[in-house]
Each structure stands twice: as structure tokens, then as C-alpha cells.
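# Working through the structure, step by step
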Amino acid sequence: MIGKRRMWVVVAAIAAPMLVVSACSSRNAVNKPHNQSGGGKGGYGYKIAVVTHGGAGDSFWSIVKNGAVQAGKDMGDTVTYQSDGDPTQQAKLIDAAANAKPDGLVVSMANPEALKSSIENAEKAGIPVITINSGEAQSKPYGALSHIGSDETIAGQAVGTELKKEGVKNVLCVIQEAGNVGLEQRCAGVKDTLGGTVSNIQVDNNNLPAAQTIIKTKLQSDKSIDGVVTLGAQVAQVAEGAISQSGSSAKLATFDLNADVAKGVEDGKIAFAVDQQPYLQGYLAVVMLTLYNSNLNVLGGGQPVLTGPNLITKANAAQVLKLAAGGTR
Amino acid sequence: MTDLEVKEVTDPQKADVPMLEIRDVTKTFGSVISLFEISTTVRAGQVTCVLGDNGAGKSTFIKILSGVHQPDGGQLLVDGKPTRFGTPRDALDAGIATVFQDLAMVPLMAIWRNFFLGSEPTKGWGPFKRFDSASAKKITRKEMADMGIDIRDPDQPVGTLSGGERQSVAIARAVHFGARLLILDEPTSALGVKQAGVVLKYIVQARDRGLGVIFITHNPHHAYPVGDRFLLLKRGRSLGDFAKSEISLQELTRLMAGGAELEALAHELERDPGELGEVGRELAQDTESLG
Amino acid sequence: MTAATATVDERVAHVGILRRILLKPEFGALIGAIVIFVFFASQSDVFRSWTGAANWLDVSATLGLMAVPVALLMIGGHFDLSAGVQVGTAGLATGIMTTYWGLQLYASWAVSLALMLTIGFINGFLVTRTGLPSFIITLGMFLGLQGLNLGVTKQVTNTVQVGNLDLVPGYHALNNILGSTVTIGGADFPVAIIWWVGFTIVASWLLLKTRFGNWIFATGGEPNASKNVGVRTDRTTIALFMMTSFMAWFVGSTQIVRFATIQAQSGIGQELYYIVAAVIGGCLLTGGYGSAIGASLGALIFGMTEVGIVNLNWNSDWFKLFVGVMLLLAVLANQFVRRFAEQSRR
């Protein structure tokens, strides 16, 4: 009796993987797996630590990390990447990174005050610091070499201007992460230049299905909304669905980019996307620290190095789509 | 208060072979002798009371009878045949049901659910097998009525019943599932006077239905009215195994409480408080003599 | 004497029916749902329209589908903090296996089911073998899966999402089962709502009308006592964890099919809402008492609130405050109703 049962288990154990493997087909593999692109010939050998405030699963910061890591490969540097959305925790990560005596430190400052002492301590220990993405105003006062990024308010204003051109008067600004200063700045920027009404609404980036229903409900409740602005690539896609399902004719614009957004712009479902080239922020920071260490080069002339706002429209969406699918745009 | 029936064994021939005989049972845990050469019998339709203070070995005794532990010496005879209970299931299969102090009840669940817990009747087949709640409720009401309780609503949670009523549910459950011998572990110990009386009544009813009952308690006043046989335990040893006709309540109490020593103590304590020193000295002497 | 007894019985029987309704664990949640519905419906015509109903039922269904097995698990005396992240794992597994590794859609759907059931088994096995609190074990699983979801996704895709499922052969049939809509009164109701109602009915029947259901109550109420009378508490616990993981598979699959994309961090944070819905529905945190229908009513309250706030143009910053207050009120109301019902018996 036991022998018979065991026999069936063995048969199943052999048959199952065979059945599974036989169900493989290249027709199903619509996405290309990530190819580890080869490193450049650079052999600088520096140690660069990157400490940001980005969330682990955030598509934007994932691209920043990809850029930094690739730059490390191309330069022949060792790049470490840490992040924590909580400023106090991020400060501790900066301290820990600085203790390892790297040749350079890259920091994003969503909450500059909380990071000030950790950054200044690192500089006192002789570690050059470059800031990226946020905290532009405090970058030079804190002693950073340079700031690479895109001003959130300016980006918001660019969106407002663009929407005004399209004739949009009443915008719904969707904030997907409560309490994020950068996101609030974007909405405020839109309000500056739109010349109409901008109302904010909160959704949860970790619960996108509910986010879609909330946006849909808002559009059904307030028929005067003719524009929707999302502040993250992941929300943009569900906003697309919300607009079509609610029967609204509102125009959709978004900040930041991913493959779905690029496709949406290509299809005309998204009017345009404003991209601040996160890959460049990560990549350039590592390159600049490498060149500073090897050649004392500093880029910017005391001014921030701007990576955006960069408009993705129907004209360039198709080419960007391929790159976005690979995680570099 | 004394409206309890006391049934004497009128026909000694009928109760010839005891349902359960405990013969010279010994149990040790490491170097501690928990029970030493304990003997007693239980017959159908009779109540054997096991008396002893805390630490006497009562709980070890129950665990051996219910199959949780095995004796290190001596034997158990069921219907005259030497038997060994390897697991609690063996004891249950032999018809020995133990009602532990926690009653094995789930307070938040309804009476009928508790009644059939672990032995639920089912109706239907395959994935549609249902818990036959209709017949479960009916049987529960009937069994409880046979014990003399009218549960108004079998759906009420067991936790809302009084302590005595809960004991009766446990007893009714054991009786329903074919117990021949009921072991009750201190059923009256946590109850008030009136409730204890109610439980004693259930014990008598179970006995009258032909079951054998082992009634464990530390209260001789509860044991004496319902017991036919009395086993006294003290620190693992037997102080005696008596039939009711062989011992009186006062003697039972005396033996349980430590007998002569306690009498002397009570006598001493009646004296004038001014002679505390002498009392203390004599107490010390008594303690020495007790070892 | 008999006449007096008869009168007493009659009176008690009369109170019995009312008391029986009040004593049902889902009663508090039912009242709450009615109150919330009346409140929002009276102030917003969109809320009470067919389109409005489709919206809040949709949100309720996604939450409710998971809240039901989580409630059963809680009645059985355990927590599963990994329930939310498992939803992500299931969707990502199906997505990666099909769109990156070329496995046929239904084959990868089946493999991800096997994967999720294994995760559920591991949870249950660890809880029953080690005797450690399920809170701790599933917390470990939660953190582990969180890292796994992100790490594997990034490794395979270099991004934090898996998409394009709608381009895969066989997608449309699966979408009809999981992601399509039913039009009623001019509004599109997602089929998830029908699945939600169906699963609630099945779970409730399982809990109240089967032997296994009796064992769930017993294992949660008094595990040691239950074991003594022959209840298989270990098997019951493992089965409950596997049921939770099964539902995570179902909900994760629904998500990736409906949206054709799933994010690496999907589901994280939702596990607490499942527990809140179950508690609003009458489940005790200590186990042994609760209701599957109640958990669904709790999810319904959630959905109506989340969408109702938007309908009334309230500031959505205050949403979490409202949820916290509502949870406390619901639990207090449940306790009050139960005490009142028990007292009226005496």
C-alpha cells in the first residue's frame, strides 16, 4: 500500500516538471530578460557609496540605482547603494557608509535638516559629497561639490504650462505617497502656471487597484475635471484605466517614466510625460566623483546640473519605450 | 441538603469481578516516588472516592488510569484481565472516560458543538459532508435532560453556564460516548456549596445508570455521601482502602487531616495566648515527630 | 410546579430569538455597514448610483476576498502578517514565468498556485512544529517575501514591475474569468465582486456547517482541550494557512490579469487591513470566535468609506484617521452588543 503511494509520488515528481517544461514557448516570452551589460574598460577602482531616500520598490529610484551601478561597472568602481525613506534612518546609513571610508558619497536630501550633520561629518573626514535629486537649495551650503537633479517646482511649472497649452482648466493632482515633500512641490508647481484649479487627492502606491477606483470615483463625482496629473509612473497606468472606465475625457499627464507610461504616450492615452532622467542622476554622480578623485574635476560652475524637466511626447515615445523596458529610462 | 440517595451494594454477587482493579500500582519520576503500592477497586454502579490533600499523588493516579502515564510497578485489571494503557486512546477504547479539571471544553463554543467535539456526526458525502447539527442539538438536549438539566438553548456558549452545569455537560458527554467508567478529577473543588451539591447529584445519576465512578477530591464531606469505597492517599502512599461500612465520616476526616497530630494542635491552640511559648515548643516537638 | 416551569420556558424562548440574532458575531458589522451606507448615500447621489456601487463594491471585493480566509485563520487562533505580500508574490510569479521565461500562461498559473500553497504550508508547519507565535513566524515570512519579490523582479527585469501580460496567448480567456466586468444598470461591475460573494458563502458554510469548521473554533478557543478530545489541531492550522495562501494566489492572479502589470511591492501593508476587516466583522484577536460573513461586511464598510470620502470631496489626508476611529467604534459596539445579549438571557 505504501509502496503504491510512493510510486505515484515518484511518477508525479518526474512528470510534473516535464509537463511544465513542455509548456514553454517563445511566443509567451513577450518580455526580454535583463542582460547584464558588460562593464567599460575603466579601471579606476574607487569606492563610491550611494545613500538615497527612495523606497525599495519605487520605479524611479530603481532607475537611479541602475544608473549608479552601471557607471560603477563602466568606470571600474565599486558602488554600494542604500536607501531609506525615513530621514533619521537615512542619516544613520550615511554615517555607516562614511565609516567605511569611501572615495565619494552620493546623497539625496528629501529632508536636508535631518542629514546635515551626517553629511558634514563625512566631509570633515575628507569624503567628497555630491547631492542628487532633492535638496538643491541646501546642497552648496552643506558643502557638497555639486547637485545633479531637477527642481520639482520647476518641473511642476513645466507641466502646468504644457497643460494650459492643451486647454486644461481643472486639474486633479494625484499624490501616491502621503507626506512626500517633493510630490507636494510638483502639485504646487502645476498650480503656479496652470491658471486654473488644481485639487490634490491621496492614494496609496502600494494598493494600485484601490487607487484606480478612487481616481475613477473622483472623476465621476466631479465632471468638471478635465486634466489628471500623476506624480509617479506606476500610478499613471492605473489613472489611464480610471479615465477610460469613468467615461471622462480628461487629459492625463505624468511625472516620471516607465515602460507602461512610454507605451501610453505612444498610444496617445497619456498626453505627455515629464522625465527627470533618474538614470542620469545616478550615473553622472558616480562619474563626477570618479573624475574628482582622479583629476579634481568639478562640473556645474557652482550651479546645479539639471537633468530635467525633459518632455516625452508622442514624437519620441517609441524610442524611449524600448529603453524604459530595459530599466534605464 | 441530605436529599441525596445513598445506595448500598445490596447484591455482592453481582459486583463480583470489579470493572477496574488497581493492584499495588507504583509510579516513580526519577528519584521521586509519586505513588507506592496503591490498591483499590471500582465496580459497576459504585463510586470509589480517592481522597488526599495536595501533593498526595491524586493527579498521577488519574494520569495512570487515563493512559497518560504507565505504572512502573503493579498492574491494572479491567474486568479481571491485566491491561496496559499505552495512550489515552487505549483507555478511552476500554470505556474509561476522564473528566479533567479543565473539562476539555471550549468556553466560546455552543454546548452542542462542545458535546460532539472530536466526534462530530456527519451527513452527506464527499466535499459536501455536513456536520449534522440538527441531530447534534437534539441529542445534546436529550442527554442533558437525562441528567436532569433542561438546557433552554443548546446554542448558548458553554462559558455562560455555571460551573456545576459545565460539569454536567462533561459528564453527559462522557456517558453518551459509551463510557463505562467515569473518572472525575476534583469536580467540586472550584464550586460553591449549592453547585457542589448539584454535581454530586449527577454523580449519583451516572452511578445509577450502571457506570463505575472514580471521584477524586480533597473534601471528605463531599465524598462520604456518594462514595461506596474510599481510597486515602498521603504523599504517594495509601492510608487505606475502605468500604463505606468500614469507616465513618469522622474517621475519614481524621485520617485525611493527619489524624492525631492535628487533634493535638487544635487542643494546644485553645490555650491562653499568654502561654504562646509553651505552645510553640510543643508545636516544634510535634513537627519533629511528624518528620 | 410544572405550570411554573412551563411559563419560565415560554418567556425564555421569546427572548431567545432576538438574543440569538444579537449574539451573532456579524451583527455589529451589519449595523455598521447599514449606518455607513445610509450616511454616504444620503449625501451623494453618485455614491448610491449604479456606477457608484460598482466602485465601492470593487474596493470591498479586493479587500474582502483576502479578509475571509484571514478571518478563518484568526478564528483558528493565528495571524498571517505575510498575507498581503503573498498577493504580490503570486502575481509576480505568474507574470515572470510567462512573459520572461516563456511558460504557457495556464501552466505558470498552476505553478504559482503550487508555489503559494507551499508557502502556506511552510507557515503552518513552522507554527505548529515550533510552537512560536504565528505573529513572529509570519512576520519573518513577510520580510523574506518582501525581499524576494523585489530581488527576483529586479534580477530578471531590471525594473520593479512585470507587465505586458495582455500580449500573451491565452490571456483573454483568463481575463474573462478573473478580470472582466458584468454590466448592471448601465454600470460595469468587476467579476471579482461575484467571486468575493461566492467565496464568502463557501467559507461561511465551511465554518458553521462542517466538522472542519467545528475544529477551527475549537483550535482557536482551546487548543489543548481540543487535542485531548481528538481534534487534529495541527492539521487544522496548516490547512488554514494554506487557505490564506490560496486566496493570495487568487487575488494576485486577479490583479495581474486585470491590470496586465504588477508592481514588485504590491500588497505590502494590506495585511493589517485584512485583520481590521476581520475584527470589525466580529473576530476576536485571541481566537475561537468570529464570522466569515462579518469579515466581508467589514471589508464592505472599508470600501464604502474609502470611496464615500472621495464622493463627498472630503480631504483624503484624513482617511486613515477615519479608519482608526471606525475600527475602535466597531470593536466597542461588538463588545457592547454581546454583553447586552448575554445579560438579557439571565
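Reading the values: the criteria
Starting from 1, residues in each chain are numbered consecutively following that chain's sequence as written. Written order determines the labels here, with chains lettered from A and ligands numbered from 1. It should be noted that, the model being predicted, local features are given only for residues of pLDDT at least 70 and side-chain atom pairs only at 80 or more, the latter also being counted only at that level, while totals for whole chains, interfaces and linings use all residues. Hydrogens and waters are ignored; side-chain quantities use all the structure's heavy atoms. Strands here mean DSSP runs of E at least two residues long; helices mean DSSP runs of H or I at least four residues long; both are numbered from the N terminus. Each residue gets one of three labels from its accessible area relative to the maximum for its type: buried under 20%, exposed over 50%, partly exposed in between, using a 1.4 Å probe on protein chains only. Here a residue-residue contact requires only that any non-hydrogen atoms of the pair lie within 4.5 Å. In these tables, accessible area is a Shrake-Rupley quantity obtained with a 1.4 Å probe, and a residue counts as shielded only by the protein chains included in the view. Only C-alpha atoms enter the radius of gyration; for comparison, a globular chain is expected to reach 2.2 Å times N to the power 0.38, where N is the number of residues. Charge assignment in this entry is limited to Lys and Arg as positive and Asp and Glu as negative, and neither His nor the chain termini are counted. Here the site of a charge means NZ on Lys, CZ on Arg, CG on Asp, or CD on Glu. In this analysis, strands are considered paired if DSSP registers two or more bridges between them. Angles here are taken between N-to-C directions and fall from 0 to 180 degrees, while the axes themselves are lines fitted to C-alpha atoms, restricted in helices to the stretch in contact. By buried area we mean the combined loss of accessible area, with a 1.4 Å probe, across both parts when two parts are placed together. In what follows, salt bridge is the name for a side-chain nitrogen of Lys or Arg lying within 4 Å of a carboxyl oxygen of Asp or Glu. We define a polar contact as two N or O atoms separated by no more than 3.5 Å, with the added condition that, inside protein, one atom must be a possible hydrogen donor and the other a possible acceptor, whereas residues neighbouring each other in sequence contribute only through side-chain atom pairs. Charged means Asp, Glu, Lys or Arg here, nonpolar means Ala, Val, Leu, Ile, Met, Phe, Trp, Tyr, Cys or Pro, and polar covers whatever is left, Gly included. Think of it this way: a Phe, Tyr or Trp ring, Trp meaning its six-membered ring, pairs with another when their centres are within 6.5 Å, and the plane angle makes it stacked under 30 degrees, edge-to-face over 60, tilted otherwise. Whether a charge lies above a ring is judged from NZ of Lys or CZ of Arg, which has to be within 6 Å of the ring centre and within 35 degrees of the ring normal. What goes into a patch is any residue over 30% in relative accessible area without a salt bridge, connected to like charges within 9 Å or, for nonpolar side chains (Val, Leu, Ile, Met, Phe, Trp, Tyr), within 5 Å. By definition, pLDDT measures how confident the predictor is in each residue, and it falls between 0 and 100. We define a nonpolar core as any set of buried Ala, Val, Leu, Ile, Met, Phe, Trp, Tyr and Cys residues linked to one another through side-chain atoms lying within 4.5 Å. The span you would expect from a helix comes to 1.5 Å times its residue count less one. By the definition used in this description, the sense in which the near helix is turned from the far one sets the handedness, with an anticlockwise turn below a right angle giving left-handed and a clockwise turn giving right-handed.

### Things to note about the overall build of chain B
Of the regular secondary structure elements, chain B holds 10 helices and 12 strands. Put simply, chain B has 291 residues, and 46% of those count as buried. Of the contacts formed within chain B by residues at least 6 apart in sequence, a portion of 66% connects residues at least 24 apart. Entry remark: accessible area of chain B is about 14100 Å², with carbon and sulfur atoms responsible for 52%.

### Side note on the overall build of chain C
If you tally the helices and strands in chain C, you get 15 helices and 4 strands. Compactness check: chain C gives a C-alpha radius of gyration of 22 Å against a globular reference of 20 Å for 346 residues, within 12% of the reference. Along the first, second and third principal axes, the C-alpha atoms of chain C reach 80 × 55 × 35 Å. Residues classed as buried in chain C amount to 60% of the 346 residues present. Between the mean site of the 18 positive side-chain charges and the mean site of the 14 negative ones, chain C shows a separation of 11 Å.

### As for the sheet that holds strand β11 (residues 305-306) of chain A
Residues and elements named next belong to chain A. Across the sheet, which stays open at both edges, the 6 strands sit in the order β2-β1-β3-β4-β5-β11 with parallel pairing between neighbours. The sheet is open, and its two edges are formed by β2 (78-83) and β11, each paired on a single side. Sheet topology note: the strand β1 (residues 47-52)/strand β3 (residues 104-108) ladder contains 4 bridges and is parallel. Paired with V51 across the strands is V107, a residue of β3. Relative to the sheet, helix α3 (residues 87-99) contacts β1, β2 and β3, its axis offset from that of β1 by approximately 175 degrees.

### Some points on the interface of chain C and chain A
Often the size quoted for an interface is simply the accessible area lost on bringing the parts together. Tallying the contact residues gives 44 residues for chain C and 46 residues for chain A. Taken together, both faces of the contact between chain C and chain A bury some 3900 Å²; the carbon and sulfur share is 50%. If you sort the residues of chain C by the area they bury against chain A, C:N158, C:F259 and C:V310 come out on top, with a joint share of 15%. On inspection of chain C and its partner chain A, the count reaches 0 salt bridges. Between chain C and chain A we count 21 residue pairs in polar contact (both at pLDDT 80 or more) in total. At the level of secondary structure, the elements contributing two or more residues to the side of chain C that touches chain A comprise α4 (50-75), α5 (83-99), α6 (105-130), α7 (134-157), α12 (233-259) and α14 (292-311) of chain C. Among the residues forming the side of chain C that touches chain A, the class breakdown is 17 nonpolar, 23 polar and 4 charged.

### Comments concerning the interface of chain C and chain B
Contact residues are listed per partner, giving 28 residues for chain C and 24 residues for chain B. Here chain C meets chain B over a buried area of about 2200 Å², counting both sides, of which 55% is carbon and sulfur. The interface formed by chain C and chain B holds 0 salt bridges in total. Scanning the region where chain C abuts chain B turns up 5 residue pairs in polar contact (both at pLDDT 80 or more). Residue assignment for the side of chain C that touches chain B shows that the elements contributing at least two residues are α1 (2-23), α9 (192-209), α10 (211-221), α11 (223-228) and α15 (319-345) of chain C. The element contributing the most residues to the side of chain C that touches chain B is α10(C), with 6 residues. Partitioning the side of chain C that touches chain B into residue classes produces 12 nonpolar, 7 polar and 9 charged.

### Re the side chain of A:Q276
Residues and elements named next belong to chain A. Following the sequence through the fold, Q276 ends up in the loop between β10 (272-275) and α11 (278-295). A polar atom in the side chain of Q276 sits 3.3 Å from the side chain of N133. When near neighbours in sequence (up to four residues on either side) are disregarded, Q276 contacts F60, N133, S150, E152, R186, D256, Q281, T307 and G308.

### Digging into the pattern of salt bridges
Residues and elements named next belong to chain A. Tallying each qualifying case throughout the model produces 14 salt bridges over all chains. As a salt-bridge pair, R186 and D256 come within 3.4 Å of each other at their nearest N and O atoms. Of the two residues, R186 sits in helix α7 (residues 181-194) while D256 sits in the loop between β9 (251-255) and α10 (259-267), which places them 70 residues apart along the sequence. One network of salt bridges, in which partners are shared, links E152, R186 and D256.

### A short note on the environment of B:L92
All names here are of chain B. For L92, the position within the fold is in helix α2 (residues 88-93). Residue class for L92 comes out partly exposed when judged on its relative accessible area of 41%. Counting along the chain gives 58 residues from L92 to D150, while the straight-line C-alpha distance between them is 28 Å.

### Digging into the packing of aromatic side chains
The tally for this structure, following the rule as stated, stands at 26 aromatic pairs over all chains. Arranged with centres 5.1 Å apart and planes meeting at 70 degrees, the rings of C:F39 and C:F40 form a pair that is edge-to-face. Members of the aromatic cluster, joined through ring pairs, are C:Y106, C:W109, C:W195, C:F199, C:F246, C:W249 and C:F250. Over the ring of B:F36 we find B:R237, and its NZ or CZ is 4.9 Å from the ring centre. The aromatic ring of B:Y224 is capped on one face by B:K244, whose charged end is 4.8 Å from the ring centroid.

### Considerations on a nonpolar patch on the surface
Residue and element names in this part refer to chain C. A grouping of L30, I34, F37 and V38 is seen on the molecular surface, where their side chains present a nonpolar patch of about 330 Å² in accessible area. When you line up the elements, F37 lands in helix α2 (residues 27-43). With relative accessibility at 32%, the residue F37 sits in the partly exposed group.

### Some points on a positive patch on the surface
A surface patch of like charges, here positive, comprises B:K123, B:R130, C:K24 and C:K209. Following the sequence through the fold, C:K209 ends up in helix α9.

### Observations regarding the arrangement of the chains
Of all 2 pairs of chains in contact, the one with the most contacts involves chains A and C. Kept free of each other, chain A and chain B leave a smallest C-alpha distance of 21 Å between them.

### A short note on the confidence of the model for chain C
Averaged over all residues, the pLDDT of chain C equals 88, while 92% of them reach at least 70. Within the model, pLDDT remains below 50 along residues 1-14 of chain C, and this stretch shows 3 contacts once partners closer than five positions in the same chain are excluded.

### What to know about the pairing of strand β5 (residues 146-149) of chain A
All names here are of chain A. Where burial is concerned, the two faces of β5 agree: the one with S146 and I148 and the one with H147 and G149 are both buried. Judged from the 2 bridges that link them, β5 and β11 form a sheet pairing that is parallel. Residue pairing across strands places I148 opposite V305, the latter belonging to β11.

### Thoughts on the nonpolar core
Among the nonpolar cores identified, the biggest contains 100 residues, and C:W56, C:M66 and C:L300 are the most heavily contacted of them. With 17 residues, α4(C) is the single largest residue contributor to this core. Not counting residues within four places of it along the chain, the set of residues in contact with C:W56 comprises C:F37, C:F47, C:L300, C:G303, C:M304 and C:V307. Residues B:A110, B:I203, B:V213 and B:F230 belong to the second largest nonpolar core, which totals 48 residues.

### Concerning unusual backbone geometry
Residue and element names in this part refer to chain A. With an omega of 5 degrees, the peptide bond between G308 and P309 qualifies as cis. Counting through the fold element by element, P309 comes out in the loop between β11 and β12 (310-312). Phi is positive for N133, close to 70 degrees, though the residue is something other than glycine. Summarising the element assignment, N133 is placed in strand β4 (residues 129-133).

### Focus: α6(C)
Residue and element names in this part refer to chain C. With 26 residues, α6 should cover 38 Å at 1.5 Å per step; its first-to-last C-alpha distance of 37 Å lies within 8% of that length. Considered for burial, the residues of α6 that qualify are L105, A107, S108, W109, S112, M116, I119, G120, N123, G124, V127 and T128. Buried-residue contacts for α6 involve α5, α7, α8 (171-178) and α12. Among the residues trailing α6, G131 stands out with phi positive, at a value near 75 degrees.

### Some points on the packing of α6(C) against α7(C)
Residues and elements named next belong to chain C. With their axes 9 Å apart at the nearest point, α6 and α7 run at an angle of 145 degrees to one another. For the crossing formed where α6 meets α7, the hand is right-handed. In contact with I119, I122, N123, L126, V127 and T130 of α6, α7 contributes S134, I137, T138, M141 and L145. Here the residues of the contact of α6 with α7 are counted per class, giving 7 nonpolar, 4 polar and no charged.

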